[in-house]
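Residues per chain, in single letters:
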Amino acid sequence: MSTPPETPTTETELAREWRLEINVGTDETPDWKLCPGIRSFQPASEPNIEDSSDYDGDGWAGNEKTGQAWEVSCTIRRKANKTAKTYHPVHEAIRLAHFAYNDANKVHLRYMNRSGLPEAYEGRAIPNWQPQGGEYTSLGEVEITFTGDGPLTPIANPLTPETP
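Residues numbered from 1 in each chain as written. Predicted model: local features only at pLDDT ≥ 70, side-chain atom pairs only at ≥ 80, totals over all residues. Heavy atoms only, no water.

(A) View of the overall build of the protein. From N to C terminus, the protein includes 1 helix and 10 strands. The order of α-helices and β-strands along the protein, N terminus first, is β-β-β-β-β-β-α-β-β-β-β. Taking 2.2 N^0.38 as the reference for a compact globule, 164 residues should give roughly 15 Å; the C-alpha atoms of the protein span a radius of gyration of 20 Å, well beyond that estimate. For the protein, buried positions account for 25% of its 164 residues. The contacts of the protein with a sequence gap of at least 6 include a subset with a gap of at least 24, amounting to 61%. (Helix = DSSP H or I, 4+ residues; strand = E, 2+ residues; numbered from the N terminus. Rg over C-alpha atoms; globule rule 2.2 N^0.38 Å. Buried < 20%, exposed > 50% of the residue type's maximum accessible area, 1.4 Å probe, protein only. Contact = heavy atoms within 4.5 Å.)

Listed below in structure tokens is the structure:
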């Protein structure tokens, strides 16, 4: 059996590849909603590495991963309905979680490649909501840092079309 030829991968990904969704439902009945207005998006997942060197390594250092932390930093443009005097419901869910405690302070989120490529993740995080203010000509922006609480789990990208 011959190996199929490798498909060329020549297209460069853009920074705007990410889509962020927030579960505004429950664990039993999730209701994933798009977080609109994202201007920048930066995921990070840092391992904790401890030195495990000993004499048996013949002078070579040893290391062990003993933990992991993650966060997502993003900047959003606030969306509002000026007639109804309401902000976008996903933005409000994040803002209100920022001021809450315990389970109400945790946001269930997932982010994925918006083109359907395989990269996608899900977890719970504590949001830090920081309005940016600015000049009189500036648009309303908020910097949000989601600090992970528990694992960030790789998931199947929900935007990947199903193959027949």
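(B) A look at the packing of aromatic side chains. This model, assessed by the stated rule, comprises 4 aromatic pairs. With centroids separated by 5.3 Å and ring planes inclined at 40°, the aromatic side chains of Y111 and Y121 adopt a geometry described as tilted. A residue pair is termed long-range when its members are at least 10 positions apart, and Y111 in strand β7 (residues 107-113) and Y121 in strand β8 (residues 120-131) qualify at 10 residues. Summarising the burial analysis for this pair, Y111 and Y121 share the class buried. Three or more aromatic residues joined by ring pairs form one cluster here, namely W18, F41, Y111 and Y121. (Phe/Tyr/Trp six-rings, centres within 6.5 Å; stacked < 30°, edge-to-face > 60°.)

(C) Broad picture of the side chain of N23. Inspection of the secondary structure assignment puts N23 in strand β1 (residues 18-23). Not counting the four nearest positions on each side in its chain, N23 is found in contact with P30, D31, W32 and H108.

(D) A look at the confidence of the model for the protein. Confidence in the prediction of the protein, expressed as mean pLDDT, is 92, and 95% of residues score 70 or more. The secondary structure element of the protein with the lowest average pLDDT is strand β5 (residues 80-81), at 88, and the one with the highest is β8, at 98. (pLDDT = per-residue confidence, 0-100.)

(E) Structural view of the pattern of salt bridges. Taken as a whole and judged by the stated rule, the model has 8 salt bridges. R19 serves as the salt-bridge partner of E21, at 2.6 Å between the closest nitrogen and oxygen. Residue classification places E21 among the buried residues on the basis of a relative accessible area of 5%. Note that R110 and E21 form a salt bridge whose closest N and O atoms lie 2.6 Å from each other. Of the two residues, R110 sits in strand β7 while E21 sits in strand β1, which places them 89 residues apart along the sequence. Of the residues examined, R110 reaches a relative accessible area of 14% and is grouped as buried. One continuous salt-bridge network, built from bridges that share partners, spans R19, E21 and R110. (Salt bridge = Lys/Arg side-chain N within 4 Å of Asp/Glu carboxyl O.)

(F) Expanded view of the environment of V142. Take V142: it is sitting in strand β9 (residues 141-148). Note: C-alpha distance between V142 and H91 (51 residues apart in sequence) is 9.6 Å. Residues in contact with V142, not counting those within four places in the same chain, are C74, T75, I76, R78, W129, Q130, P131 and Q132.

(G) Looking closely at the side chain of E92. Counting through the fold element by element, E92 comes out in helix α1 (residues 89-99). Judged by its relative accessible area of 19%, E92 is buried. Among all residues touching E92, those that are not within four sequence positions of it are R78 and Y87.

(H) Quick look at the environment of C74. By secondary structure assignment, the location of C74 is in strand β4 (residues 63-77). Between the C-alpha atoms of C74 and T160, which are 86 residues apart in sequence, the distance is 23 Å. Every residue in contact with C74, bar those within four places of it in the chain, is listed here: L20, S40, F41, V142, E143, I144 and F146.

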